Amino acid sequence: MRLDKYLKVSRLIKRRTVANEACDAGRVSVNGKVAKASVNVKPGDILEIAFGTKTVKAEIVTVAETVKKEEAGDMYKLL
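Residues numbered from 1 in each chain as written. Predicted model: local features only at pLDDT ≥ 70, side-chain atom pairs only at ≥ 80, totals over all residues. Heavy atoms only, no water.

A.B. asks: Kindly report on the pairing of strand S3 (residues 46-51), identifying the contributing residues and their values.
C.D. replies: The sheet contact formed by strand S1 (residues 28-30) and S3 spans three bridges and is antiparallel. From the neighbouring strand, Ser29 faces S3, where its bridge partner is Glu48. Where S3 lies against strand S4 (residues 54-60), six bridges are found, and the strand directions are antiparallel. Across the sheet, Ala50 pairs through a bridge with Thr55, a residue of S4. (Pairing = 2+ DSSP bridges. Helix = DSSP H or I, 4+ residues; strand = E, 2+ residues; numbered from the N terminus.)

A.B. asks: Explain helix H2 (residues 16-24) to me, and be specific about the residues and the numbers.
C.D. replies: Every buried residue of H2 is listed here: Ala19, Ala22 and Cys23. Burial along H2 is one-sided: seen end-on, the buried residues are contained in an arc of 100°. Away from its buried face, by an angle of more than 90 degrees, H2 presents the exposed residues Thr17, Glu21 and Asp24. Those residues of H2 that are buried lie in contact with helix H1 (3-9) and S1. Note on H2: the residue one or two positions beyond its end, Gly26, has a positive phi of about 80°. (Buried < 20%, exposed > 50% of the residue type's maximum accessible area, 1.4 Å probe, protein only. Arc of directions from axis to C-beta. Contact = heavy atoms within 4.5 Å.)

See below:
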């Protein structure tokens, strides 16, 4: 699954366009490398997202095309 779509479906970032902009600005990295929105992610990958001064680090647990809001938090594990 594309990184920008994963960020939206998992609700780490609310909208896909915002996820795209964050990737283009270099604020998202996958496994320690700055990633574009088109990078394919899979379970086991480590995401780092910079939100201003705060950085969120999470490990991808599952990848799904659609998920209910209540189950979105189960798609990743915060580190």
